[in-house]
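Structure assessment
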Amino acid sequence: MAGENKKGVGFYLLYGAVYLMAMLPFRVLYLFSDILYFVVYYLAGYRRKVVRKNLVNSFPQKKEKEILQIEKRFYHHLCDYFVETIKTLRISDKEIRRRMVFKNPEIVNRLTKDGNSCLLSLGHYGNWEWVPSIGLYLSPGVEPGQVYKELKSKAFDELFLKIRSRFHPQSIEMKTVYRTIIRQKNEGKTMVIGFLTDQRPRKHNPEHWTTFLNQDTLVQTGMERIARQFGFSVVYLDIKKVKRGYYVGNFSVITADASAEEELSVMEKYTRKLEETILDEPAYYLWSHNKWSRSKKQEE
C-alpha cells in the first residue's frame, strides 16, 4: 500500500544532510575523517575495550605495541569507511570503477552463464558498502542482490537502503531471504547475492562452532543451507585496500554446486578464506563488532 513506503521527517532531514556532505570532494571528506578519528578514538573512546579485547584474543603472539598500531589503523580506516559510504550517494560509475576494482569478474559470469544463481560470501572487511558495484561487471540479465539486517532506527535504516541502492542491487532483508530466492527462481531470474556471513548469529538460529582467529567462534549457517538446497555456486570475495579510498577485489570459487558439498564444508572454507584475508592486513576488519560475546564453554 502507498502508506507503507512513506518516509518519515527524520529520514528526510538525515538524508538532506548526508546528501550535501556527499557532494564534497574526497580530499575534503578525508580531512573530515581525520578529525573524526581524533574524536572517535581519543575523546569518545568508541568501543575501545571491545576492539582491544578482540585484537588481543585474535593475536596472542603480538606484543602490546603491535596491537596498539593495528588498533589505531583500524579506527583511521573506520572513519574513512564512514565518509566513503556517505560519498556513495554521489559517486559516478566511472569513479567507483577506479576505486573499487574487481580483478576477475569472469569467474562469477562463468558460474551464472547457464542461469544458476551465485552466492557471494564476504566479511566486514575493507569497504563492503562498495561491493554492490559488482553489478557494473555482471553479464546482461544477471541481477545483483545483497542481504542486510534491518536497523533499529527507522530513519537510519531508510538512509542506508538509499545508499545501498546506488548501484541498483536488490536489498533483501535477512528474514525474507528464503522466500525472496524462491520467488526469483520461479520468475526465472539469475542473481548474484552478497552475504556478509561473519556476523554473530542470533540465538536460536542454526549455528556452528568453529575456530576463527584463535578463538571458538559461532558462525551463521544460513548462506550454506540456502546454497546447498538450491544447488547454487558460492564464491568468496577477497578485498585488499591498496591505499586510501582504493580497493581491489578478487573472486575465488568455494564451490560450483553447493548441493554436492558435505554439510558445513562451505562455511568452513569461507571461514578459512576470510581468516587469510584478515591475517594479511588486520587493520581493515570490523573489530568493533562484538562477535565473540558468547562463550562455547558457558553454552555447553
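Structure first, text after, so check above.
Here's what I pulled together on the structure shown here. (Residues numbered from 1 in each chain as written. Predicted model: local features only at pLDDT ≥ 70, side-chain atom pairs only at ≥ 80, totals over all residues. Heavy atoms only, no water.)

Points about the overall build of the protein
A count of helices and strands for the protein gives eleven helices and nine strands. For the protein, the C-alpha radius of gyration of 19 Å lies close to 19 Å, the compact-globule estimate for 300 residues. Sorting the 300 residues of the protein into buried and exposed places 51% on the buried side. Looking at the protein alone, contacts between residues at least 24 apart form 78% of all its contacts between residues at least 6 apart. Of the accessible surface of the protein, which amounts to about 15300 Å², a share of 53% is contributed by carbon and sulfur atoms. With 49 positive and 34 negative side-chain charges, the protein shows a spacing of 6 Å between the two charge centroids. (Helix = DSSP H or I, 4+ residues; strand = E, 2+ residues; numbered from the N terminus. Rg over C-alpha atoms; globule rule 2.2 N^0.38 Å. Buried < 20%, exposed > 50% of the residue type's maximum accessible area, 1.4 Å probe, protein only. Contact = heavy atoms within 4.5 Å. Areas by Shrake-Rupley, 256 points an atom, 1.4 Å probe, with all protein chains shown as cover. Lys, Arg positive; Asp, Glu negative; His and termini not counted. Charge placed at Lys NZ, Arg CZ, Asp CG, Glu CD.)

A word on the packing of helix 1 (residues 9-22) against helix 4 (residues 64-87)
Interaxial distance between helix 1 and helix 4 falls to 8 Å at its minimum, and their mutual angle equals 95°. Between helix 1 and helix 4, the interaxial angle falls into the category roughly perpendicular. Contacts between helix 1 and helix 4 involve Val 18, Met 21 and Ala 22 from the first element and Val 83, Ile 86 and Lys 87 from the second. The residue inventory of the contact of helix 1 with helix 4, partitioned by class, reads five nonpolar, no polar and one charged. (Axes fitted to C-alpha atoms, helices over the stretch in contact; angles between N-to-C directions. Parallel < 35°, antiparallel > 145°, perpendicular 65-115°, else oblique. Nonpolar A, V, L, I, M, F, W, Y, C, P; charged D, E, K, R; others polar.)

Let's talk about helix 3 (residues 48-58)
Every buried residue of helix 3 is listed here: Val 51, Asn 54, Leu 55 and Ser 58. Each buried residue of helix 3 lies within a common arc of 95° when the element is viewed along its axis, so the set occupies one face. In helix 3, the exposed positions that point more than 90 degrees away from the buried face belong to Lys 49 and Lys 53. Where the residues of helix 3 are buried, they touch helix 4 and strand 7 (215-220). (Arc of directions from axis to C-beta.)

What about the nonpolar core?
Counting residues in hydrophobic clusters, the biggest one holds 81 residues, and the most contacted among them are Leu 119, Phe 251 and Trp 287. Those residues in contact with Trp 287 that sit more than four places away from it in its chain are Val 50, Val 51, Asn 54, Leu 55, Ser 58, Phe 59, Phe 74, Leu 213, Ile 278, Pro 282 and Trp 292. (Core = buried A, V, L, I, M, F, W, Y, C linked by side-chain atoms within 4.5 Å.)

Here we look at unusual backbone geometry
Glycine aside, negative phi is the norm for most residues, and most peptide bonds take the trans geometry. If you check the backbone angles, Arg 47 has positive phi at about 55° while not being a glycine. Turning to its location among the elements, Arg 47 is positioned in the loop between helix 2 (26-44) and helix 3. Arg 47 gets classed as partly exposed once you look at its relative accessible area, which sits at 42%.

Points about a nonpolar patch on the surface
A surface patch of nonpolar side chains, about 610 Å² in accessible area, is lined by Leu 31, Ile 35, Phe 38, Val 39, Tyr 42 and Leu 43. With respect to the helices and strands, the residue Leu 31 is situated in helix 2. For Leu 31, a relative accessible area of 52% gives the class exposed. (Patch = residues over 30% accessible without salt bridge, like charges linked within 9 Å, V, L, I, M, F, W, Y side chains within 5 Å. Salt bridge = Lys/Arg side-chain N within 4 Å of Asp/Glu carboxyl O.)

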